[in-house]
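Below, each chain spelled out in residue letters.
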There are 2 protein chains.
Amino acid sequence: MFKLKVLNNDVLKEILKMEDVLKMIEKVYVLKAEGKTELFPMVFHEFNPGVADMDIKSGVLNDVDIFGLKLVSWFGENKNKDLPLLVGTTLLFDSNTGAPLAILNAEHITGMRTGAAGAIGAKYLARKNSSSLLMVGTGHIAQFEIAATLIAMESIDTVRIYDPMHNEKSVEYVKSIEAVLRENFAITRKITFLPVTSLENAVSKSDIIITATPSKEAMIKKEWVKKGTHFSCVGSDMEGKQEIDENIFKDAILVVDDISQAINVGETEMPIKKGIIKKEDVMVEIGDIILGSKKGRTSENDITIFDTTGIAIQDLITSKLALDIAKERNLGITIDL
Amino acid sequence: MFKLKVLNNDVLKEILKMEDVLKMIEKVYVLKAEGKTELFPMVFHEFNPGVADMDIKSGVLNDVDIFGLKLVSWFGENKNKDLPLLVGTTLLFDSNTGAPLAILNAEHITGMRTGAAGAIGAKYLARKNSSSLLMVGTGHIAQFEIAATLIAMESIDTVRIYDPMHNEKSVEYVKSIEAVLRENFAITRKITFLPVTSLENAVSKSDIIITATPSKEAMIKKEWVKKGTHFSCVGSDMEGKQEIDENIFKDAILVVDDISQAINVGETEMPIKKGIIKKEDVMVEIGDIILGSKKGRTSENDITIFDTTGIAIQDLITSKLALDIAKERNLGITIDL
């Protein structure tokens, strides 16, 4: 019989602070660069192409003594059933004994770790004095990207919001985001939020651009981009997705979360397929930058790109953080399995 | 928020009757033969070769509206830690919505479905009047094989027990098995149990032989085997394992649970690698036999072999059965995830 913690979204929202998740995601990138993690092959299945699919991502964190998996399913028809389209479940195990440790709802953790990822790209690759952020996309993930980046970079005082599908949504988003950041992330510092009508104009004014949309074609053109801009490309995590002009990659400094995933399913996929860069050009992971073993930005004029596809070990380390806090504070229920 | 059932071994032992599991495993073999199931690629990882590993087997049962996975780990050093060496956890999901339905300890279910598999091989391939069973192996799985086969075949009145490592263990096993079968499986009919000292002698006297050992070399020689014998080979489920002489396959009728797994990791692997049979000779799955769409035994003289490697859909359908019963009888706890 094993004792497992059950951590649902209510408990996880109470437990996880973005400040702590940022530290964990930096840590796991470093562990990866040091060869102390492994990603297992992904399992992907389409129940009905374009209608319903699922994937199982798994891996091990040797230094943290855990392994586990996240199963995420997407059922498009759930929108008619009052159910979430994306459903995620994480199982955490002890890598010294194989004992199951916890079952977690993966939704909130996915938001937190994805936000942290985009922000860490900005922290290590954007110009240090960056003051303006452009958020492209107003979906569920946007609040996590904005919160994490504001926490990771104190210099930011302006956030522009762009909705690629419905311009008017960015106006609504701007109205509500301050309260969301205060209530969900305890962010109270004075920030100017601006809705964007002209993406071209907003791009040319922004130091940091985070894209988090399901787009399948480039929204941001190369000629709009000013020198020194940093991109954190979050949306592309499946074959065929693209958010920014592949030509931006030509002279940019490219850093990824995982080389193999970036090449196959990340924002990096299209520039390679279209011959702008070569597979061999993709050779720096963010952990190398954090460790200082490889170079990122070299001047104020560089354009930098962080392509983050999302890796299982981010979910596992954040889940482990949540488990440790839950145990310490006696939160979440415990089951006998 | 999702409502999940938690089913541990105590509840599962109360819920699952071998008679019902036999029906479910037959059903899932038929569903597989009808193309209504899919097995996803297996994930396998060795933390430390020969010391610790884990695998994730997953799949979908379209007709039963579930998908899911079983993660099984093996940590050899757990024997010094008062922990089970094998630990298994199953997650069950709704294949219409992706909603998680249950988390189950996989240990007892694995025993039940593995016992049922060996027995179903005997039921459909052994001679109808078979009266004697030889059980090779006295590990955890043996009681499930014996129980399921006695339930599936009323004609059996003699069970011989052989322990390939320690001869004296079979004597102890014979002393205790009657009580085990009565208490765990409600089997009360009069059976003669005999410990085996000479495997050669026991093989020559047995109508049905079930092998369930971790052996890596053939224990049973071809010249010992009488005409009409049926083998259910349960132990081989990884590359390099072997329990019976590869030459037995030469003139035998071979039926497997899954062609691809049997060729790669089953008892069928070695006869192919040693050139006794060809990959193309492996073409009948047990579901085809149950359905009647392909032929199994054709005469009383045939030697038949059922190579069962164990497939995820067996675990999933048995888990679904347990979940349905648990809901109906209000057993197991329910968690909010």
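Since we're looking at a predicted model, the values are computed, not measured.

Asks: Is there a simple way to think about the overall build of chain A in this case?
Replies: Helix and strand counts for chain A come out as 10 helices and 17 strands. Relative to a compact globule of 337 residues, whose C-alpha radius of gyration would be 20 Å, chain A shows 19 Å and is just as compact. Across its three principal directions, the C-alpha atoms of chain A cover 60 × 45 × 40 Å. Out of the 337 residues in chain A, the part that is buried amounts to 62%. Contacts spanning at least 24 positions in sequence make up 72% of the contacts within chain A whose residues lie at least 6 apart. If you sum the accessible surface of chain A, you get close to 13500 Å²; carbon and sulfur atoms cover 49% of it. Each charge sign in chain A was given a centre, from 40 positive and 49 negative side chains, and these centres are 3 Å apart.

Asks: When you look at the interface of chain B and chain A in this model, what are you seeing that I'm missing?
Replies: In this complex, chain B contributes 43 residues to the contact, which on the side of chain A involves 43 residues. Buried surface at the junction of chain B and chain A, both sides included, amounts to about 3600 Å², of which 78% is carbon and sulfur. Among the secondary structure elements, those contributing two or more residues to the side of chain B that touches chain A are β1 (3-7), β3 (43-48), β4 (52-61), β5 (66-75), β6 (86-94), β7 (100-105) and β17 (333-336) of chain B. Grouping the constituent residues of the side of chain B that touches chain A by class yields 27 nonpolar, 11 polar and 5 charged.

Asks: Sorry, what's going on with the relation of the copies chain B and chain A here?
Replies: A rotation about some axis, followed by a shift along it, carries one copy of the chain onto the other. The transformation that overlays chain B on chain A combines an axial shift of 0.0 Å with a rotation of 180°, and the residual RMSD is 0.1 Å. Taken together, the rotation and translation relating the two chain copies correspond to the operation of a two-fold axis. The C-alpha atom lying nearest the rotation axis in chain B is that of Val 43 of chain B; the distance is 3.9 Å. Mapped onto chain A, 100% of the interface residues of chain B again fall at the interface, so both copies present the same surface.

Asks: Before we go on, may I ask you to explain the sheet that holds strand β13 (residues 230-233) of chain A in this structure?
Replies: Two pairing modes exist for strands in a sheet, parallel and antiparallel, and in both the strands are linked by backbone hydrogen bonds. Residue and element names in this part refer to chain A. Spatially, the 7 strands line up as an open sheet ordered β10-β9-β8-β11-β13-β16-β15, and their pairing is parallel. Since the sheet does not close on itself, it has two edges, and those belong to β10 (192-195) and β15 (253-256), each with one partner. In this sheet, adjacent strand axes meet at a mean angle of 15° when their direction is disregarded. Lying over the sheet, helix α5 (residues 167-185) contacts β9 (158-162) and β10, oriented at roughly 155° with respect to β10.

Asks: Is there a simple way to think about a nonpolar patch on the surface in this case?
Replies: Residue and element names in this part refer to chain A. Side chains of Met 42, Phe 44 and Met 238 sit close together on the surface and give an oily, nonpolar patch of about 280 Å² of accessible area. Within the fold, Met 238 resides in the loop between β13 and β14 (242-244). Judged by relative accessible area, which is 39%, Met 238 ranks as partly exposed.

Asks: I tried to follow the domain arrangement of chain A on my own but got confused; where do I start?
Replies: Accessible area lost upon the coming together of the parts serves often as the stated size of an interface. All names here are of chain A. Considered domain by domain, chain A is made up of domain 1 (3-109 + 313-336) and domain 2 (115-311). Look at where the C-alpha atoms of domain 1 and domain 2 centre, and you get two points 24 Å apart. If you look at the interface, domain 1 gives 19 residues, while domain 2 gives 25 residues. Interface area, domain 1 with domain 2, both sides summed: about 1900 Å², of which 68% is carbon and sulfur. Contact with domain 2 buries surface across domain 1, with Met 18, Glu 26 and Tyr 29 losing the most and accounting together for 33% of the total. Scanning the region where domain 1 abuts domain 2 turns up 3 salt bridges. Between domain 1 and domain 2 we count 6 residue pairs in polar contact (both at pLDDT 80 or more) in total. For the side of domain 1 that touches domain 2, the secondary structure elements donating two or more residues are α2 (18-33), α3 (107-125) and α10 (312-329).

Asks: Would you explain the pattern of salt bridges in this entry?
Replies: If the charged atoms of two oppositely charged side chains come close together, the side chains can form a pair. All names here are of chain A. Following the criterion strictly, the structure yields 35 salt bridges over all chains and no others. The salt bridge partner of Glu 34 is Lys 36, with a shortest N-O separation of 3.4 Å. What emerges from the salt-bridge pattern is a single network uniting Lys 32, Asp 258 and Glu 285.

Asks: Got a minute to help me understand the sheet that holds strand β11 (residues 208-211) of chain B in this structure?
Replies: All names here are of chain B. Overall, parallel pairing links the 7 strands, which are arranged β10-β9-β8-β11-β13-β16-β15 in an open sheet. Because the sheet does not close on itself, it has two edges, and the strands there are β10 (192-195) and β15 (253-256). Strand-to-strand twist across the sheet, computed as the mean angle between neighbouring axes with direction ignored, equals 15°. In the sheet, strand β9 (residues 158-162) pairs with β10 via 4 bridges, with the strands oriented parallel. By the bridge assignment for β10, Arg 160 is matched with Leu 194.

Asks: Can you walk me through the packing of aromatic side chains in this structure?
Replies: For any two aromatic rings, the description comes down to two numbers: the centre-to-centre distance and the angle of the planes. This structure, assessed with the given rule, holds 10 aromatic pairs over all chains. Both rings, one in Phe 67 of chain B and one in Phe 93 of chain B, keep their centres 5.1 Å apart while their planes meet at 15°; by these two values the pair is stacked. Of this pair, Phe 67 of chain B sits in strand β5 while Phe 93 of chain B sits in strand β6, placing them 26 residues apart in sequence. The class for Phe 93 of chain B is buried, based on a relative accessible area of 1%. Through a chain of ring-to-ring contacts, three or more aromatic side chains come together here, namely Phe 47 and Phe 75 of chain A together with Phe 67 and Phe 93 of chain B.

Asks: Just checking my understanding: could you explain unusual backbone geometry for this structure?
Replies: The bulk of non-glycine residues show a negative phi, and the bulk of peptide bonds are trans. Residues and elements named next belong to chain A. We note that Ala 186 has phi near 55°; this positive angle belongs to a residue other than glycine. Residue placement: Ala 186 occurs in the loop between α5 and β10. The exposure class assigned to Ala 186 is exposed, which follows from its relative accessible area of 62%.

Asks: Mind showing me how you'd approach the packing of α3 of chain A against helix α4 (residues 142-152) of chain A here?
Replies: The geometry of a pair of packed helices is captured by two quantities: the angle between their axes and the separation between those axes. All names here are of chain A. Direction vectors running N to C along α3 and α4 enclose 45°, while the axes themselves pass 7 Å from each other. For the element pair α3 / α4, the angle class is oblique. Of the two elements, α3 crosses α4, and the hand of that crossing is right-handed. Residues His 108, Gly 111, Met 112, Thr 114, Gly 115, Ala 116, Gly 118, Ala 119, Ala 122 and Lys 123 of α3 form the contact with α4, whose own contacting residues are Phe 144, Glu 145, Ala 148, Thr 149 and Ala 152. Looking at the contact of α3 with α4, its residues break down into 7 nonpolar, 6 polar and 2 charged.

Asks: Before we go on, may I ask you to explain α5 of chain A in this structure?
Replies: Along an α-helix, residues three or four apart share an orientation, since each turn contains 3.6 residues. Residues and elements named next belong to chain A. Between its first and last C-alpha, α5 extends 26 Å over 19 residues, near the 27 Å set by a 1.5 Å rise per residue. Its axis deflected by about 40° at Ser 176, α5 carries its strongest bend there. Among the residues of α5, those classed as buried are Ser 170, Tyr 173, Val 174, Ile 177, Leu 181 and Phe 185. After α5 finishes, the residue Ala 186 shows a positive phi value of roughly 55°.

How each quantity is defined
Residues numbered from 1 in each chain as written. Chains lettered and ligands numbered in written order. Predicted model: local features only at pLDDT ≥ 70, side-chain atom pairs only at ≥ 80, totals over all residues. Heavy atoms only, no water. Helix = DSSP H or I, 4+ residues; strand = E, 2+ residues; numbered from the N terminus. Rg over C-alpha atoms; globule rule 2.2 N^0.38 Å. Buried < 20%, exposed > 50% of the residue type's maximum accessible area, 1.4 Å probe, protein only. Contact = heavy atoms within 4.5 Å. Areas by Shrake-Rupley, 256 points an atom, 1.4 Å probe, with all protein chains shown as cover. Lys, Arg positive; Asp, Glu negative; His and termini not counted. Charge placed at Lys NZ, Arg CZ, Asp CG, Glu CD. Buried area = accessible area lost by both parts, 1.4 Å probe. Nonpolar A, V, L, I, M, F, W, Y, C, P; charged D, E, K, R; others polar. Least-squares fit on C-alpha atoms with pLDDT ≥ 70 in both. Pairing = 2+ DSSP bridges. Axes fitted to C-alpha atoms, helices over the stretch in contact; angles between N-to-C directions. Patch = residues over 30% accessible without salt bridge, like charges linked within 9 Å, V, L, I, M, F, W, Y side chains within 5 Å. Salt bridge = Lys/Arg side-chain N within 4 Å of Asp/Glu carboxyl O. Domains from an automatic or database assignment. Polar contact = N/O pair within 3.5 Å; in protein donor to acceptor, adjacent residues only side chain to side chain. Phe/Tyr/Trp six-rings, centres within 6.5 Å; stacked < 30°, edge-to-face > 60°. Parallel < 35°, antiparallel > 145°, perpendicular 65-115°, else oblique. Left-handed = near helix turned anticlockwise from the far one by under 90°. Expected span 1.5 Å × (residues − 1). Bend = angle between axes of the 7 residues up to and from the residue.

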